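Structural description and commentary
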Amino acid sequence: MLENGKVVFSGPEEDHPASLERFISLVMGEIPRLRDDENGYGPKGKGFIPHIEIPHSTEKSFYEIISYFNSNDKIIKRSIFK
């Protein structure tokens, strides 16, 4: 949720899966892994999964979130965020 302009977990702290940065990094890493290109797990990449069609709205949201965290330097730098 947004709190004072910052993204934070809601609910009791003991229910949080990890640090917010780690959680977002894990979730955001799923889109690049699903892609059917040389970096993904699809047939053109590592071949672990069949082709998956990623909806345009999902890709758009992915880049909006990546852009937010990159521009605000609030996420741990990982290869998908460079």
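Refer to the structure printed above.
Read on for a plain summary of the structure.

Criteria and cut-off values
- Residues numbered from 1 in each chain as written.
- Predicted model: local features only at pLDDT ≥ 70, side-chain atom pairs only at ≥ 80, totals over all residues.
- Heavy atoms only, no water.
- Helix = DSSP H or I, 4+ residues; strand = E, 2+ residues; numbered from the N terminus.
- Buried < 20%, exposed > 50% of the residue type's maximum accessible area, 1.4 Å probe, protein only.
- Contact = heavy atoms within 4.5 Å.
- Salt bridge = Lys/Arg side-chain N within 4 Å of Asp/Glu carboxyl O.
- Core = buried A, V, L, I, M, F, W, Y, C linked by side-chain atoms within 4.5 Å.
- Expected span 1.5 Å × (residues − 1).
- Arc of directions from axis to C-beta.
- Polar contact = N/O pair within 3.5 Å; in protein donor to acceptor, adjacent residues only side chain to side chain.

**Details of the overall build of the protein**
Counting secondary structure elements, the protein contains two helices and two strands. Helices (α) and strands (β) of the protein occur, in sequence order from the N terminus, as β-β-α-α. Here the protein holds 82 residues, and 21% of them are scored as buried. Taking the intrachain contacts of the protein between residues at least 6 apart in sequence as the baseline, contacts between residues at least 24 apart amount to 36%.

**A word on the pattern of salt bridges**
Enumeration over the complete set of coordinates arrives at three salt bridges. When the shortest N-O distance is used, the salt bridge between Glu30 and Arg33 registers 2.7 Å. Remark: Arg33 and Glu30 occur in helix α1 (residues 20-34); sequence separation between them is three residues, near one turn of the helix. Its salt-bridge partner being Arg35, residue Glu59 comes within 2.8 Å of it at the nearest N-O pair. Of this pair, Glu59 sits in helix α2 (residues 56-72) while Arg35 sits in the loop between α1 and α2, and the two are 24 residues apart along the sequence. Classification of Arg35 as buried rests on a relative accessible area of 16%.

**A few points about the nonpolar core**
Grouped together as the largest cluster of nonpolar side chains are eight residues: Leu20, Ile24, Met28, Ile31, Ile54, Phe62, Ile66 and Phe69. Secondary-structure elements contributing two or more residues to this core are α1 and α2. Considering every element that reaches this core, the biggest residue donor is α1, with four residues.

**Description of α1**
Along its 15 residues, α1 runs 22 Å from first to last C-alpha, staying within 8% of the 21 Å computed at 1.5 Å per residue. Considered for burial, the residues of α1 that qualify are Leu20, Ile24, Ser25, Met28, Gly29, Ile31 and Pro32. Angular distribution of buried residues about the axis of α1 spans 155°; they occupy a single face of the element.

**Focus on the environment of Asp36**
On the secondary structure map, Asp36 appears in the loop between α1 and α2. The exposure class assigned to Asp36 is partly exposed, which follows from its relative accessible area of 21%. Along the backbone, Asp36 and Pro50 are 14 residues apart, and their C-alpha atoms lie at a distance of 8.3 Å. Not counting residues up to four positions away in its chain, the partners in contact with Asp36 are Gly42, Pro43, Lys44 and His51. At a separation of 2.9 Å, a polar atom in the side chain of Asp36 contacts the main-chain amide nitrogen of Lys44. Reaching out from Asp36, the side chain makes a polar contact with the side chain of His51 at a distance of 2.8 Å.

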